[in-house]
Amino acid sequence: MQFRNDIQGIRALAFFLVFIFHLNYTWLQGGFIGVDVFFVISGYLMTSIIIDQKDRKIFSFSGFYWKRLKRIFPAYLALIIIVTLAGSFVYLRRDIWTLQKSAGASVVFLSNLLFSRGDSYFGAQLNENPFLHTWSLAIEMQFYLLLPLLLIWIKKQYLPTVILFLTITITLYISTLISLKNNSSSEYFSLLSRVPEFLTGGFYSLCFKRRINFNKCYNNLFASLNLIILILSAVFISKDSFFPGILALVPAITTANLLVTDNNFVSDFLGKRIPAYLGELSYSLYLWHWPIIALIRYYNDEYFLNVKETIFVCILTFVLAWFSYRFIENFFRKKNNKILIYSSFSGGIILTFIAFYAPKLAAPYQIPDTYTSPSFGVYSHNKKAIETFGDKTSENKDILLIGDSHALTIKPFLDYIGKRNHFSFSTVTTDGVPALKGVRREDYNHNEVKFYDASQELVEFTLQNIRKNKIILINCSSFIEPMSVYESVEKLAASLKPDQKLIVFNTFPFIDRDPVKINRDYIRRTSKRI
């Protein structure tokens with residue numbers, strides 16, 4: 001296939017959409033569609049390459065996969081090794097497992113499955129995870145396993161119809177799924193939900209092999225219109241939109257239209273030296289920009305970057321991307337498969353060594369669990385088990401504490417109060433959702449359902465202990481959202497015996513930042529405001 005500078009320019013545009021969004025989502029709330037642009041380009045180019053080789057009867061599955069690995073894996077593995085090492089010094093020891101797990105899932109191109117589960121309940125969030133952006137590369141590699149099978153096994157004359165059918169069917173299915181769940185987070189990281197974007201590029205590659213060429217004026221108008229729609233998509237689509245699904249076809253189709261429109265000033269501009277060169281760097285730019293941002297966010301425990309940090313991210317991203325492109329990407333493109341195998345094996349050993357010793361590298365920031373995560377009363381948390389705290393010698397012992405993780409974290413305080421005021425209490429608590437009968441599963445999104453399911457297994461056990469006690473204390477993150485929790489507490493109150501009392505108390509106040517993470521110790525050593 002003939003090399004096209006304008007496609008490199010579109011890649012550059014896609015990267016900058018993503019980059020701006022990642023720097024600050026308020027600057028370009030839909031900038032994440034840049035990833036969808038990448039997917040369309042990949043579908044377009046890979047389909048063109050495979051069909052061309054199929055026509056010339058020189059296609060080889062092994063040859064195709066080796067070329068993809070040589071193009072993607074060396075720089076990718078280098079990134080994972082370096083970021084894992086850097087993260088070992090930045091991450092607190094309590095979060096090292098998150099770093100190790102993310103690196104492991106990323107190196108085998110399965111990180112999209114890991115991240116579809118959402119934030120960890122305690123610890124580092126997704127927007128602080130330096131490997132979050134690898135989900136798109138995981139999906140791309142997974143799709144590359146499927147695309148040759150489709151294009152080679154189905155006769156060429158049927159391919160456009162089959163691809164169009166699959167695109168429409170999968171899009172409607174994903175859109176329905178998102179609508180029914182009222183949540184798109186799991187589908188966002190799903191290979192199936194992204195297949196229509198790759199196939200859109202493939203469909204255009206098959207149907208517009210000679211590209212669209214009206215005349216210069218109409219070509220300019222058509223290309224300009226599609227570019228405007230693409231930019232507007234980045235402006236108006238947001239994380240709250242039902243995306244992907246039908247809405248994802250807007251940036252997908254406009255990108256495909258730009259790819260097949262011939263002889264226009266948009267393509268001419270995108271094909272100029274600077275846009276084309278940035279497009280050449282776009283893979284490495286994409287690889288390096290996010291880990292820098294994420295590690296800064298983790299270290300500061302703050303989403304928004306200041307001006308100096310933003311400038312630092314821009315400069316370091318370009319420097320690392322240039323180095324990666326110049327000395328890793330270009331180097332391995334020209335080498336044989338054996339060198340790739342030996343280098344990958346060596347890199348894998350290095351990564352394993354770093355990941356294994358990551359907790360020791362983070363040892364200077366080792367803080368007792370008492371200060372970093374719940375450690376008191378965990379035996380009666382998420383288990384069919386009861387613990388007793390306070391003054392265990394007191395006869396005032398018919399007291400039960402129930403609730404979610406907020407009730408868990410308040411156990412030490414109540415233990416102290418109980419010892420001072422001569423009462424004891426037993427506890428049974430759960431993560432995320434109080435173990436109450438009547439709480440509705442549909443009130444929780446995809447990431448929260450696992451906590452709901454776990455808590456419901458303890459409902460009967462909790463009720464048995466409620467019947468044994470005179471005073472029931474309940475504490476959770478919210479009693480009014482979702483409404484079914486409020487209704488369940490009301491039903492619990494109405495079901496109590498005359499000699500039983502229910503005490504509902506509000507939870508502790510939230511703080512915006514994690515003092516331990518900012519201070520990097522449990523003794524104050526920083527002048528930063530918390």
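Residues numbered from 1 in each chain as written. Predicted model: local features only at pLDDT ≥ 70, side-chain atom pairs only at ≥ 80, totals over all residues. Heavy atoms only, no water.

Chemist: Looking at this structure, how should I read the overall build of the protein chain?
Modeler: Scanning the protein chain from N- to C-terminus turns up 22 helices and five strands. Counting only C-alpha atoms and orienting by the principal axes, one finds that the protein chain spans roughly 90 × 45 × 40 Å. Residues counted as buried form 53% of the 530 residues belonging to the protein chain. Of all intrachain contacts in the protein chain linking residues separated by at least 6 positions in sequence, the fraction that spans at least 24 positions is 80%. The centroid of the 56 positive side-chain charges in the protein chain is displaced by 10 Å from the centroid of its 39 negative side-chain charges. (Helix = DSSP H or I, 4+ residues; strand = E, 2+ residues; numbered from the N terminus. Buried < 20%, exposed > 50% of the residue type's maximum accessible area, 1.4 Å probe, protein only. Contact = heavy atoms within 4.5 Å. Lys, Arg positive; Asp, Glu negative; His and termini not counted. Charge placed at Lys NZ, Arg CZ, Asp CG, Glu CD.)

Chemist: So what exactly am I meant to see when it comes to the environment of Leu151 here?
Modeler: With respect to the element layout, Leu151 can be found in helix α6 (residues 134–153). In the structure, Leu151 is positioned twelve residues away from Ile163 in sequence and 9.5 Å away in space, judged by C-alpha atoms. Beyond its immediate sequence surroundings of up to four residues, Leu151 is in contact with Thr47, Ile50, Ile51, Lys54, Leu159 and Ile163.

Chemist: Looking at this structure, I do not really get the sheet that holds strand β5 (residues 501–504). What am I missing?
Modeler: Strand-to-strand pairing in sheets goes through backbone hydrogen bonds, with the strands running parallel or antiparallel. Taken together, five strands build an open sheet; the order of strands is β1-β3-β2-β4-β5 and the sheet is mixed. Each edge of the open sheet carries a strand with a single partner, namely β1 (387–390) and β5. The sheet shows a mean angle of 30° between the axes of neighbouring strands, direction not considered. Taken together, the four bridges between strand β2 (residues 399–403) and strand β3 (residues 424–429) define a ladder with parallel strand orientation. Note on β3: the bridge partner recorded for Leu400 is Ser426. Lying on the sheet, helix α21 (residues 483–495) is in contact with β2, β4 (471–475) and β5; it crosses β5 at an angle near 155°. (Pairing = 2+ DSSP bridges. Axes fitted to C-alpha atoms, helices over the stretch in contact; angles between N-to-C directions.)

Chemist: Would you take a moment to explain the side chain of Asp391 for this structure?
Modeler: Within the element layout of this structure, Asp391 appears in the loop between β1 and β2. Lys419 provides the closest opposite charge to the buried, unpaired Asp391, separated from it by 8.8 Å. Not counting chain neighbours up to four residues away, the residues in contact with Asp391 comprise Gly418, Lys419, His422, Phe423 and Ser424. (Salt bridge = Lys/Arg side-chain N within 4 Å of Asp/Glu carboxyl O.)

Chemist: Mind showing me how you'd approach the pairing of β3 here?
Modeler: Looking down a regular strand, the side chains alternate between one sheet face and the other. Here β3 lies mainly inside the structure; six of its six residues are buried. Residues Ser424, Ser426 and Val428 point to one face of β3 and Phe425, Thr427 and Thr429 to the other, with burial holding for every one of them. Strand direction decides the pairing type here: β1 and β3, joined by four bridges, are antiparallel. Each residue of the ladder has a partner; that of Glu387, found in β3, is Thr427.

These figures come from the coordinates and say nothing about function on their own.
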